[in-house]
Amino acid sequence: MNRAKLERRHARRASLFEKSLVATAGKQAFAMLKPWAMARNPVMFITEVGALLTTLVCVQDLLRHREALPYTVSVTVILWVTVLFANFAEALAEARGKAQADTLKHTRRATLARRALAGGEELVNSDELREGDIVLVNAGEIIPSDGEVVEGAASVDESAITGESAPVVREAGGDRSGVTGGTRVLSDQIKIRITAGAGESFLDRMIALVEGAVRQKTPNELALTVTLAGLTLAFLMVTGALWPIGRYFGVELPIPTLIALLVCLIPTTIGALLAAIGLAGMDRALSANVLAKSGKAVELAGDIDTLLLDKTGTITIGDRQATEFHPLPGVGSERLAEAAMCASFGDLTPEGKSIVKLGERMLGSKAPRETPGAKVIPFTAQSRLSGIDYPDGSSFRKGASDAMRAYVRAQCGSIPDALQGLVDAVARQGSTPIVVAEGPSVLGVVALSDILKPGIQDRFERLRAMGLRVVMVTGDNPLTAAAIAGQAGVDDFIAEAKPEDKLEYIRREQRAGRLIAMMGDGTNDAPALAQADIGVAMNSGTQAAKEAGNMVDLDSDPTKLIEIIEVGKQLLMTRGALTTFSIANDVAKYFAIIPAMFMLAIPQLAVLNVMRLATPQSAILSALIFNAIIIPVLIPVAIKGVKYRPMGADSLLRRNLLIYGLGGIVSPFFGIKLIDMALVMAGVV
Amino acid sequence: MSLIFSVLILGLAVMLSWPLAKGMIWAMCPGGQAGGFRQGLETLFQKVGGPAAVEGQDWKAYCRAMLLFNACMFAVVLAVLSLQRFLPLNPDGKGALEPSLIFHTAASFTTNTNLQHYSGEVSMSYFSQIFGLMWLQFVSAATGLAALAALARGLSGKTEVGNFYRDLMRATFLVLLPLAVVLAVLLVLGGVPMTLEGAATAQTLEGAVQTIARGPVAAFVAIKQLGTNGGGFFGPNSAHPFENPSFFTNLVTCVSIPLLPMACVWMFGRITGRMRHAAIVFAVMAALLMVKVGLAVHFESAPAAAFAGLPVQVTGNLEGKELRFGAAAGPVWGALTTATSNGSVNCMHDSLNPLTGLVPLIGMWLNVTFGGVGVGLINMFIYIIVGVFICGMMVGRTPEYMGRKVETREMKLALLALLVHPLFILGGTALFASTSWGLAAVHNPGAHGFTEILYEFSSAAANNGSGFEGLGDNTVPWNVATGIIMLLARFIPIVLPLAIAGSLAAKKPTPETVGTLRTDTPLFGWVILGSVVFIGALLFLPVAVLGPIAEHLAVAGK
């Protein structure tokens, strides 16, 4: 991805705590206090119930003029703040998604569309378009809704959606017929069949998704919620048992203290951030310009085992380039280079240009120049060769081996015996042989090779470190495919691939229990896209492909799969890391609260006050305050995600266990002590 | 000296567990055609039991069969105990038992707990001891073995997990019976009585007449030790000179406590085909066990607080110990017997130093440092699933165990299984510590009395069966409460893990890649260790502090 694109993306992403977002989220946090809204999240629901209970105790203390009032009020306030922090985290993540959606919404402004009728056309509002309508769009007009080009070809500016300013060509038939509502036609006129009615276009769906209208808990999120609910129940038992046990020891434990202990122990940190993590995952996919049809798909991306990548455009640059001159015996390589250059002067295809470039590099100042007056023989489907005729009578030709044989014979030349060997040798290296002749005599062969994208081997190396298998899909013959596969370092390849082959390959892998991701654009890719566990359709692709996949890449960038997988993995890692952190925190909280609770009845327990917290009350308040403020402190981790590095599972686990496990045990000891010192200094306790 | 003793016991047990596991595989999962005696046994069994005894069962049918069989056994033993005065083999004319005690005892032995609110030599006829209690000591241990075999088969991807009746038969006759015979012979050689004659009467030098209880002790002690049962023939259990007369018998019986639970880990590894994973689990269990044994010996090497500083005290705490074993044998046994859900004792746990007393409690709270026969590893499986789920996410994939995804259903079941144990311990303790039911039974005030209540419920919930004692617990509330807890705490944590295995087996296996969390590395050992220690600590730290730790601090502070 180029730098400019990165910057554009960056500009579209709001900074983490942007003022307007924080304000919206802050308001939303209060609105979310409704208990029926909280019930979705068992951990925070229990916290809210605890806050309600302590509020009641506050009222009681006030009416009976109890001494404990200031303490009870402090506990109550911190509990409510904890709940608000949790709501704020979720609201902030949601607000960020909405902000992204809003920028996209600008492109969805209602426009006028010219709907084709039997007798002519009528002007309608884009909102009124239905699926199946045919509309006409002229240069300069905005495409009213998602659709497929049925007639004509046009260059389209899709920067509103992809951020890419270079226009793309969209034409009827073939695999580049899909157009997106909100993009602008720059030249020519096209006829479009509308494929999505009002409110159903991809933009609409995406906006609905990020706005949470159709948000559902993903499978892993659900499993984690169950786990957290189970842990909450366990701690409810632990604290619940302490009250009667306290009476055995002659201690009447105050309700606010018990609730404080409970809230400290239940995994509020992850409970508060869980929803935000999921939302942020969707948001990260979206800022990679990938539109996922569900949160489930993003989560599943982390589990992918096998990647199906198209060779052209993903693994190789796409255009073949001249890489080497192979002269026949008795022919100087400089002579061949000169002839090949001359034969290519009129050829403006990337392949032709690359021959000229290679010749210039080899010959330097001795390279021939284009001379005016020469007659260019263009490539035609019949002759399958191209070249140039000079006024002095000399002529140069280049082309595929069989076409050139026919040409040389027609010129009454002879075919050297060594030619066939040379041609085969070049093909075996994974290159395409182009035969060059001057007049009737064959000089040699130019090898046109696929050029691997720079750094692609490293990228595959990283994928392998993550445990992924990369499979290259290509239309090349097996010989060439094997050669390129070897150079690029992929694990397997499908040569001379037909769409059915892809489908069959995916099914075979799935039978072995693997999860497959693939990317495609054509209508004939649709079955494979539907079969794959993650099917990413390119936005430039056909409607059928987009319907079949579970994600759409707005950039139509074939390497995007790798980014998507990283987003999925990051999502799961963040959940695991924050859960571990949350539970690890409990050790320090026990050391703060348990001695404080029973210090009066069993004074010897003071030994366990390892943090030397000032008073029992300050110990409980400090633990509770730490428990609350850790939520906003960790919002950046939840939203940005735990840093993902492509490495094996064991190294990842070791790293995360050290940071979030060990860190989770140690950090609250310092945090609680610091808060306690601050409380003492402020004279609160 | 005590160090050599501990290392000797653990070393012997570890060494013997490996070949024993091979034998267990031969017994439980025979491959190919068996011949001779084995074939005869299987054919006979098939003839007696009919098709129900051989057909394959899925986890549900397996659990149903297990519950049905155990319910029948429970009923039979209820009847035996109720009618013992009408039954034969009652040379000393033992009378009827109190109904709640009968319920408690039947529940206790059905569930492999062997919590005894009676003294065998006072209350039980030989018939009750042999055909009621000892029979249950065999089949309850066999039930555990069968359940583990089924779990392992489920985890290796089979939806048909075996046949409970056949597994039970194999475990009883091919594993437990031969082992028990060998151990009983060793014990007889060591001087343990084995007779059906009634109590002996002796005239002492002072002319007093003394009745000396005896009976088929060696047979009873052998299966009590091997099957993690722990219920003694006599009230004082293995502290009694007829159950455990010498250093030699003490060594042999001590080794046999963790033997089968250790072998169970290897058996699990063999059935699932994941020996390296089993080795990691074994290492974690062994490490925890060694720490506990070490701590117990260390804490007990200090004199009891009352003797501290007095010239009479030259060695560790000898209160409540048998002098023929010395001060270290008690804590070693205590740590082993509670770590493995055995529950036999060779010293009085009530008299242990407060922190030493914490070690058996930890053993029962965790209940996985080899744990009961079969069920120890089943408990560990729950910790593994929880550990795998939380840590599995940290590698960026949906958590997997043995190639299958761990999702909502599995976590729901795992958490339920995990919560049963603390619910019974904390709930029971809270209830009895705050009502006259418990307060009336406590003989010591303050933290020590609290520990007595806590210990009793821990022992019942862990199906351990050891007693802290010092508690007048043969009352209706205690008998009923701990009886119910033993039954629920036995079968819920077997059924739920089998349900998890069934749910996992129904899923499509995922091939393992470098991106998969590996379960056979030392790192994964840390994950399991962390999940056991963390969950245990978070659930039980408050009661540990209020009981043994507070007592220690109070005693030390004086």
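That block above? That's the structure.
These figures come from a predicted structure and were not determined experimentally.

Colleague: Explain the packing of helix α7 (residues 164-189) of chain B against helix α9 (residues 247-272) of chain B to me, please; I cannot follow it from the model alone.
Modeller: For any two helices packed against each other, one specifies the crossing angle of their axes together with the interaxial distance. Residue and element names in this part refer to chain B. Look at α7 against α9: their axes get within 10 Å of each other, and the N-to-C directions meet at 165°. By the angle class used here, α7 and α9 are roughly antiparallel. As for the relative orientation of α7 and α9, their crossing is right-handed in sense. Taken together, the residues of α9 that come into contact with α7 (itself represented by Val 175, Leu 176, Leu 179, Leu 183, Leu 186 and Leu 187) are Phe 248, Thr 249, Val 252, Thr 253, Ser 256 and Leu 260. Of the residues assigned to the contact of α7 with α9, the class counts are nine nonpolar, three polar and no charged.

Colleague: Explanation requested: the interface of chain A and chain B in the structure shown.
Modeller: By a widespread convention, an interface's size corresponds to the accessible area lost as its parts come together. Contact with chain A, which involves 64 residues of that partner, is made by 59 residues of chain B. Summing the contributions of chain A and of chain B, the shared interface buries around 4,900 Å²; its carbon and sulfur component is 76%. Considering only the surface of chain A that becomes buried against chain B, A:Met237, A:Tyr248 and A:Leu653 emerge as the three largest contributors, covering 14% of it. Note that A:Asp305 and B:Arg397 form a salt bridge whose closest N and O atoms lie 3.2 Å from each other. Counting the contacts that link chain A with chain B gives 13 residue pairs in polar contact (both at pLDDT 80 or more). It is helix α8 (residues 219-248) of chain A that contributes the most residues to the side of chain A that touches chain B, 19 residues altogether.

Colleague: What is the right way to look at the pattern of salt bridges in this model?
Modeller: Opposite charge on two side chains permits them to pair, given that their charged atoms come into close proximity. In the structure shown here, the tally under the stated rule is 38 salt bridges over all chains. The partner of A:Arg511 in a salt bridge is A:Glu504, and the shortest N-O contact between them spans 3.6 Å. For B:Arg324, the salt bridge identified is with B:Glu322, shortest N-O distance 2.8 Å. The exposure class of B:Arg324 is partly exposed, given its relative accessible area of 30%. Among the charged side chains, a salt-bridge network with shared partners connects A:Arg114, A:Glu121 and A:Glu141.

Colleague: Just checking my understanding: could you explain unusual backbone geometry for this structure?
Modeller: One can expect most non-glycine residues to show negative phi and most peptide bonds to be in trans. Notably, A:Cys412 is not glycine yet its phi reads approximately 65°, a positive angle. Of note, A:Cys412 is situated in the loop between α14 (401-410) and α15 (418-428). The exposure class of A:Cys412 is exposed, given its relative accessible area of 72%. One non-glycine residue, B:Met402, adopts positive backbone phi at about 50°. In this fold, B:Met402 is placed in the loop between β5 (400-401) and β6 (404-405). For B:Met402, a relative accessible area of 6% translates into the label buried.

Reading the values: rules and limits
Residues numbered from 1 in each chain as written. Chains lettered and ligands numbered in written order. Predicted model: local features only at pLDDT ≥ 70, side-chain atom pairs only at ≥ 80, totals over all residues. Heavy atoms only, no water. Axes fitted to C-alpha atoms, helices over the stretch in contact; angles between N-to-C directions. Helix = DSSP H or I, 4+ residues; strand = E, 2+ residues; numbered from the N terminus. Parallel < 35°, antiparallel > 145°, perpendicular 65-115°, else oblique. Left-handed = near helix turned anticlockwise from the far one by under 90°. Contact = heavy atoms within 4.5 Å. Nonpolar A, V, L, I, M, F, W, Y, C, P; charged D, E, K, R; others polar. Buried area = accessible area lost by both parts, 1.4 Å probe. Salt bridge = Lys/Arg side-chain N within 4 Å of Asp/Glu carboxyl O. Polar contact = N/O pair within 3.5 Å; in protein donor to acceptor, adjacent residues only side chain to side chain. Buried < 20%, exposed > 50% of the residue type's maximum accessible area, 1.4 Å probe, protein only.

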